[in-house]
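The chain contents come next:
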Amino acid sequence: MIARLAVVPLLGGAGLVGPVTPALAAAPAPVARAAASPVTELYVSSKDCASGANGSEDAPYCTIFAAAAVAQPGQTVLVQPGDYPESVTVTRSGTEGAPITFRAVNGVSGRINVGNIGNTVVGTVFRITGVHDVVVEGFVVEDTDTVAPIVISASTRVTVNDIAAHAFRAPAVVHVTGGSTDVTISRAFLTQMAAPAIRIDPGVGGTVVVNNQLHLGGLLATDAPGTVITNNTVLTNCVRAIDVAGASTGLSIQNNILRTNIYHGACATPQDAIAIAVAVPPATGTVSDYNLIDPISGGPVYQWAGTAYADLSSFRTVTGQGDHDIAGDPLIAGNTSGGLRTFFPVSPTSPAVDSANALAPGVTRTDTLGNPHSDNPAVANTGTGNGFHDRGAVEAQGSPGNGQFGLRHRSGTDSFAVTATGTPQFAWPVDGPGGVISYRFDGKRYPTVTSARSVDSAFRQAGEGCVTIAISYTGFRWAETKSDLVCTTVGTRYTPTAPRRLLDTRAAVGTATTTPVPANGEVAVPIPAVNGVPAADIVAVVLNVTVTAPTTAGFISVRSPGGQLSSSSVNFVAKETVPNLVMTKVHGGVVRLVNRSGGTVHLLADLQGVYGRQGSGFKALDPTRVLDTRTGSGVALAANGERRLDLSGRLPADATAAILNVTVTGPTTAGVLTVYPDGSPVPLASNLNFVARQTIPNLVVVPVVAGKVVVRNASSGTTHVVADLAGYFGSAASGADQTFVPWEGRIADSRDNSGWLRTTSPGPFPAFAEGGAPLCAGSCGSGDVPVTAGVLNLTVTGPTTAGVLTAYPRGAARPTASNVNFVAGETASNLVVSKAAGGYVNVFNNSSGTAHLLADQAGYFIAPVS
């Protein structure tokens, strides 16, 4: 035997030894899977696209136009940062409550530019014609010079939100025409030199203009009933700020900041610099109030029904409007540049602060930057409602905090599912949540940018997963953000299967010939779908690997994609038949087994179960002896006899499988021991192979039926059997909420004095000495995830006397159970699932002699983080 290398098997199932047979009968039919969820998002990226794009995250469209041609109601087209020199005509409609949304994903990665980039586009950039229930938001729209870059015609329930655009010679930046109804223009920054920034044509009804910043040009609405103009900041170049021409019933103009000379001085022709002009106000139904008008230009504060008013007092006396209007400097703190996505904040002491009508039509929950209404404690609240809404598009804020960031496991059927949280912190009292948050998850190509304080996602693989969370208090208009990288660890769940032979080199199962595997030869074992788990979702497998007819001593290893070989999984000597359980990660859909000996071997591999993102969770237990035929009546298991083992008093009713450490001792002849579900046919598989007078353990994962299993002695003699319960698989409701994380590597070896935490001197373990094996070499995933148990192959080599090894949590009382039995001069190993404490599993050398101890880790179990 090769004594210097440890065995690396894993959880349960059965060793399979017997005559050469063809492949076993097929496993039960896979469980039907639910129909695929409808696609709610289409991706567009000019940087990452390629031929064959289908709009998925992995294959985004190259153009917005391509997505617009296929978008369905309820879908959101997520346009990633980059340049899009194109014009987009929207011809498809959503439904009420399920619009088609075109969203530029502004975040830390940059902005989204659409239109006349490099003088390549002529005409309107976004033309929304004859449709309904459409949202366009977040884009920087490049000028097409002589035509309005955004046109909404003959459409209803259309929202243009958070657009930054300029058009110096066009009739408008945003043009609403063709009898459109219920159009909303919000949170935009629009620059127009020679005409209104927003033009609303005759026949258009129910337009809401809210939280916009209009730069140089103002707003013109003509014969447009039901127009609502609320919380805008309008800074013009000596032209009208708000101009309502013709007859418009149901007009509301409230909470706006108006300055008709952006350069903060008198205009050469002040009669043109009217703050608010209403040509034909109806007798009832029109309200203009709570506006803050800067008189610096020298122009009229109002022109009402053709009469100009130089001051608010005379205007109020004649019209009865504007009772809460303010004439004064709004104390705009200068523009805060974000390119075209700039904004104009006000000073905390501005008369706009905490003085608006919170009940005005069109008032939104947050301002143009996505921030809530804030109550400046140094300013008296003079507004309506809660009293501290501000006038204008940008709500004054104190200095924000860093925010709070988190990542937790999400309950449900997917063990890779997580919830990330980002919580902005505002300096002043606020009336609700706000801020814009970017969540970038490992394994995701693009971030999620949202105002939501939590986002659900799922990692693509087990192990550590991280998300970068960035909070912006400017809607990502400029680079300053509060950010953090938060991580957690996600594990897999177990799905058992009926033993399924994948490889038998004796019978050309899984191979083309019956030739044995040569010295240092390799066999690739493809892993199929199992009981509803697609092959692509399988993270790790439990295989029963059997070596038979070896011509020399050696061992079997598993090769990773990078070529690295594991420590031994099955140790053997010449002419020996040895089964062992192997748990290993699946790479590229296969597991590669390598014969590391100087001779040939035949190999068998039987699939026992798989780990993936769905299945049963695990609960580790303190080792509990549930069977010992030596006690009580002391009757050994008879030749070809069975013993029903009832675990129902120790397992919950919904337990699907149990982990048992099963030991054969005192057999009178050679044979095999099989553990299988109660009521099932006796399988061909075996769990332990033994010879006369041998004591040998093996870890078994066995499905349970009503909490019962059967132990069968397949030999012509008697044997005693000992079984210790180490844990069970089941539902989270029954306490089985732990998941398995594959982690492979040697973590302790007394031969080179590595790993073991112990008080004794280096070298072999003395008699009755213990040491702590550091799981994952001291770094199992993220520190916030509780490690509940370790999965280790424990190997003893060079023992001077017979004894046993026992594994248990560090700091806990030593149990009476044993995990590895050995005799003098023997190399012996066994898989162990043991509770852990403080990141360690203790191992005790329960013998009167010395021995070298090795620990090879296959993984660990974790508890959920809520």
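Conventions used here
Residues numbered from 1 in each chain as written. Predicted model: local features only at pLDDT ≥ 70, side-chain atom pairs only at ≥ 80, totals over all residues. Heavy atoms only, no water. Helix = DSSP H or I, 4+ residues; strand = E, 2+ residues; numbered from the N terminus. Rg over C-alpha atoms; globule rule 2.2 N^0.38 Å. Buried < 20%, exposed > 50% of the residue type's maximum accessible area, 1.4 Å probe, protein only. Contact = heavy atoms within 4.5 Å. Areas by Shrake-Rupley, 256 points an atom, 1.4 Å probe, with all protein chains shown as cover. Lys, Arg positive; Asp, Glu negative; His and termini not counted. Charge placed at Lys NZ, Arg CZ, Asp CG, Glu CD. Pairing = 2+ DSSP bridges. Axes fitted to C-alpha atoms, helices over the stretch in contact; angles between N-to-C directions. Salt bridge = Lys/Arg side-chain N within 4 Å of Asp/Glu carboxyl O. Polar contact = N/O pair within 3.5 Å; in protein donor to acceptor, adjacent residues only side chain to side chain. Phe/Tyr/Trp six-rings, centres within 6.5 Å; stacked < 30°, edge-to-face > 60°. Lys NZ or Arg CZ within 6 Å of the ring centre and 35° of its normal. Disulfide = S-S within 2.5 Å. Core = buried A, V, L, I, M, F, W, Y, C linked by side-chain atoms within 4.5 Å. pLDDT = per-residue confidence, 0-100.

Caption draft 1: Inspection of the overall build of the protein chain at higher detail. Across its full length, the protein chain carries two helices and 61 strands. Its C-alpha atoms give the protein chain a radius of gyration of 37 Å, clearly above 29 Å, the size a compact globule of 866 residues would have. Along the first, second and third principal axes, the C-alpha set of the protein chain runs to 115 × 55 × 45 Å. Relative to its 866 residues, the protein chain shows a buried fraction of 57%. Of all intrachain contacts in the protein chain linking residues separated by at least 6 positions in sequence, the fraction that spans at least 24 positions is 73%. With the model as given, the accessible surface of the protein chain reaches about 31100 Å², and the carbon-plus-sulfur share is 53%. For the protein chain, the distance from the average site of its 51 positive side-chain charges to the average site of its 56 negative ones is 13 Å.

Caption draft 2: The arrangement of the sheet that holds strand β53 (residues 720–730) in detail. Taken in spatial order, the four strands make up an open sheet running β46-β53-β48-β51, and their pairing is antiparallel. Whereas interior strands pair on both sides, the edge strands pair on one side only; in this sheet they are β46 (617–628) and β51 (696–703). Averaged over neighbouring strand pairs, the angle between their axes works out to 20° when direction is ignored. Relative to β51, strand β48 (residues 657–665) is paired through eight bridges, and the arrangement is antiparallel. Of the residues in β51, the one forming a bridge with Ile659 is Val701.

Caption draft 3: Focus on the side chain of Asp390. Relative to the elements of secondary structure, Asp390 occurs in the loop between β30 (326–327) and β31 (404–409). One buried charged side chain, Asp390, makes no salt bridge at all; its nearest oppositely charged neighbour is Arg391, positioned 8.3 Å away. Within the structure, Asp390 has its side chain in polar contact with the backbone nitrogen of Ala396 (distance 2.8 Å). Each residue touching Asp390, except ones within four places of it in the same chain, is listed here: Asn231, Ala352, Val353, Asp354, Ala356, Ser374, Glu395 and Ala396.

Caption draft 4: Region of interest: the pairing of strand β7 (residues 126–129). Here β7 shows a clear split, with Phe126 and Ile128 buried on one side and none of Arg127 and Thr129 buried on the other. Inspection of the sheet shows strand β4 (residues 88–90) paired to β7 by three bridges, in the parallel sense. By the bridge assignment for β7, Val88 is matched with Phe126. Bridging between β7 and strand β10 (residues 150–153) involves four bridges; their strand directions are parallel. For Ile128, the partnering residue across the bridge sits in β10 and is Ile152.

Caption draft 5: Structural context of the side chain of Ser597. Looking at the secondary structure, you find Ser597 in strand β44 (residues 590–597). A polar contact of 2.8 Å, which involves the side chain of Ser597, links it to the side chain of Asn595. Engagement of the side chain of Ser597 in a polar contact is seen with the backbone oxygen of Gly599, the distance being 3.2 Å. Setting aside anything within four residues of it in sequence, one finds Ser597 in contact with Ala519, Asn520, Thr552, Ala553, Gly554 and Phe572.

Caption draft 6: Quick look at the packing of aromatic side chains. If you walk through the whole model with that rule in mind, you get 16 aromatic pairs. Centroid distance Phe126 to Phe139: 5.1 Å. Interplanar angle 50°. Geometry classified as tilted. Here Phe126, found in strand β7, pairs with Phe139, found in the loop between β8 (132–137) and β9 (140–142); they are 13 residues apart in sequence, far enough to count as distant. Take Phe139: its relative accessible area is 0%, and that puts it in the buried class. One aromatic cluster is present, built from ring pairs that chain together Tyr494, Tyr611, Phe618, Phe729, Phe740 and Phe861. Directly above the aromatic system of Tyr840 lies the positively charged group of Arg810, at a separation of 4.6 Å from the ring centroid. Over the aromatic face of Phe844 sits the side chain of Arg814, whose NZ or CZ is 3.7 Å from the ring centroid.

Caption draft 7: The arrangement of the state of the cysteines in detail. Enumeration according to the criterion identifies four disulfides in this entry. Between the sulfur atoms of Cys49 and its disulfide mate Cys62 the distance is 2.2 Å. Sign of the S-S torsion, about 105° for the bond between Cys49 and Cys62, identifies this disulfide as right-handed. Remark: Cys62 occurs in the loop between β1 (41–44) and α1 (64–68) and Cys49 occurs in the loop between β1 and α1; sequence separation between them is 13 residues. Residue pairing for Cys776: its cysteine sulfur links by disulfide to Cys780, the two sulfurs lying 2.0 Å apart.

Caption draft 8: Layout of the sheet that holds strand β52 (residues 708–715). Strands sit in the order β47-β52-β49-β50 across an open sheet of four strands; the sheet is antiparallel. Each having just a single partner strand, β47 (642–646) and β50 (688–690) make up the two edges of the open sheet. With direction set aside, neighbouring strand axes in the sheet form an average angle of 20°. Pairing geometry for strand β49 (residues 671–677) and β52, over seven bridges, is antiparallel. Bridge assignment links Pro677 to a residue of β52, and that residue is Val709.

Caption draft 9: Representation of the nonpolar core. Ranked by size, the top nonpolar core spans 67 residues in total, and within it Phe102 and Phe139 carry the most contacts. Apart from residues no more than four positions distant in its own chain, Phe139 is found in contact with Ile64, Val79, Phe102, Arg103, Ala104, Ile112, Val114, Phe126, Asp162, Ile163 and Ala164. In this structure, Trp756, Phe765, Cys780 and Val785 belong to the second largest nonpolar core, which totals 29 residues.

Caption draft 10: Seen up close, the pattern of salt bridges. All chains considered together, the criterion is met by 27 salt bridges. A salt bridge links Arg157 to Glu96; its shortest N-O distance comes to 4.0 Å. Highlighted residues: Arg157 in strand β11 (residues 156–161) and Glu96 in the loop between β4 and β5 (100–104), separated in sequence by 61 residues. The closest approach of N and O atoms between Asp456 and Arg410, which form a salt bridge, is 3.5 Å. With Asp456 in strand β35 (residues 454–458) and Arg410 in the loop between β31 and β32 (417–423), this residue pair connects regions lying 46 residues apart in the sequence. Looking at Asp456, the relative accessible area reads 48%, which means it is partly exposed.

Caption draft 11: Focus on unusual backbone geometry. Unlike most non-glycine residues, Asn211 shows phi in positive territory, near 60°. Relative accessible area serves as the criterion here: at 3%, Asn211 is assigned to the buried category. A positive phi is found at Phe476, a non-glycine position, where the angle reads about 60°. Along the chain, Phe476 turns up in the loop between β36 (463–472) and β37 (482–490). Here Phe476 falls in the buried class, since its relative accessible area comes to 7%.

Caption draft 12: Spatial organisation of helix α2 (residues 312–319). A distance of 3.1 Å separates the backbone nitrogen of Ser313 from a side-chain oxygen at the start of α2, and that oxygen is part of Asp311. The positive-phi residue at the C-terminal boundary of α2 is Gly320, with phi of around 75°.

Caption draft 13: Region of the structure containing the confidence of the model for the protein chain. On average, residues of the protein chain score 90 in pLDDT, and 94% of them reach the 70 mark or higher. In the predicted structure, residues 1–36 sits below a pLDDT of 50 and forms 138 contacts with residues beyond four places in sequence or in another chain.

Caption draft 14: Just the environment of Ser438, in detail. Turning to its location among the elements, Ser438 is positioned in strand β33 (residues 436–441). C-alpha of Ser438 to C-alpha of Asn689: the two residues are 251 residues apart in sequence and 57 Å apart in space. Sequence-distant contacts of Ser438, that is, excluding residues within four places in its chain, are made with Pro447, Thr448, Val449, Thr468, Ile469, Ala470 and Phe476.

Caption draft 15: Broad picture of the environment of Leu607. Within the element layout of this structure, Leu607 appears in strand β45 (residues 602–612). Residue classification places Leu607 among the buried residues on the basis of a relative accessible area of 0%. Along the chain, Leu607 and Ala498 lie 109 residues apart, while their C-alpha atoms are 8.0 Å from each other. Aside from chain neighbours lying at most four places away, what touches Leu607 is Thr497, Ala498, Pro499, Arg500, Leu502, Pro528, Val530, Val541, Val542 and Leu543.

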